[in-house]
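# Fold and contact review
As a plain string of letters, each chain reads:
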Amino acid sequence: MIKLYTSTTCPTCRMIKTKLQQKNIPYQEIDDIEYLKSKNIMRLPVMEFEDGTILNSPGEMNNWIKEYKG
């Protein structure tokens, strides 16, 4: 399952979550600030896949979601 590192105040995070929901892509949202700091995540959103691949650009995330075939 995709991990989506977010913040409740981040408009880009909300957009990515909406796009994931629209395509019925399952994801786990993580917005615990202390956990994000422990992983050295300073910019949000960040998508992490099960294989460890990380997308930290909203454009890359949007492209991945558009191409998702489920």
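Residues numbered from 1 in each chain as written. Predicted model: local features only at pLDDT ≥ 70, side-chain atom pairs only at ≥ 80, totals over all residues. Heavy atoms only, no water.

## Some remarks on unusual backbone geometry
Look at the link from Leu44 to Pro45: it is a cis peptide, with omega at -5°. Looking at the secondary structure, you find Pro45 in the loop between helix H2 (33-38) and strand S3 (46-48). Of note, the phi angle at Asn24 is positive, near 55°, even though the residue is not glycine. For Asn24, the position within the fold is in the loop between helix H1 (11-22) and strand S2 (27-30). For Asn40, which is not glycine, the phi dihedral falls at a positive 60°. You can see Asn40 is positioned in the loop between H2 and S3. (Helix = DSSP H or I, 4+ residues; strand = E, 2+ residues; numbered from the N terminus.)

## Overview of the environment of Cys10
Position of Cys10 relative to the elements: it lies in the loop between strand S1 (2-5) and H1. Distance from Cys10 to Val46, taken between C-alpha atoms, is 12 Å for residues 36 residues apart in sequence. For Cys10, the residues in contact, after removing those within four places along its chain, are Leu44 and Pro45. (Contact = heavy atoms within 4.5 Å.)

## Comments concerning helix H3 (residues 58-67)
Within H3 the residues assigned to the buried category are Met61, Asn62 and Ile65. Burial along H3 is one-sided: seen end-on, the buried residues are contained in an arc of 100°. Residues of H3 that are exposed and point over 90 degrees away from its buried face: Lys66 and Glu67. In this fold, the buried residues of H3 make contact with H1, S3 and strand S4 (54-55). (Buried < 20%, exposed > 50% of the residue type's maximum accessible area, 1.4 Å probe, protein only. Arc of directions from axis to C-beta.)

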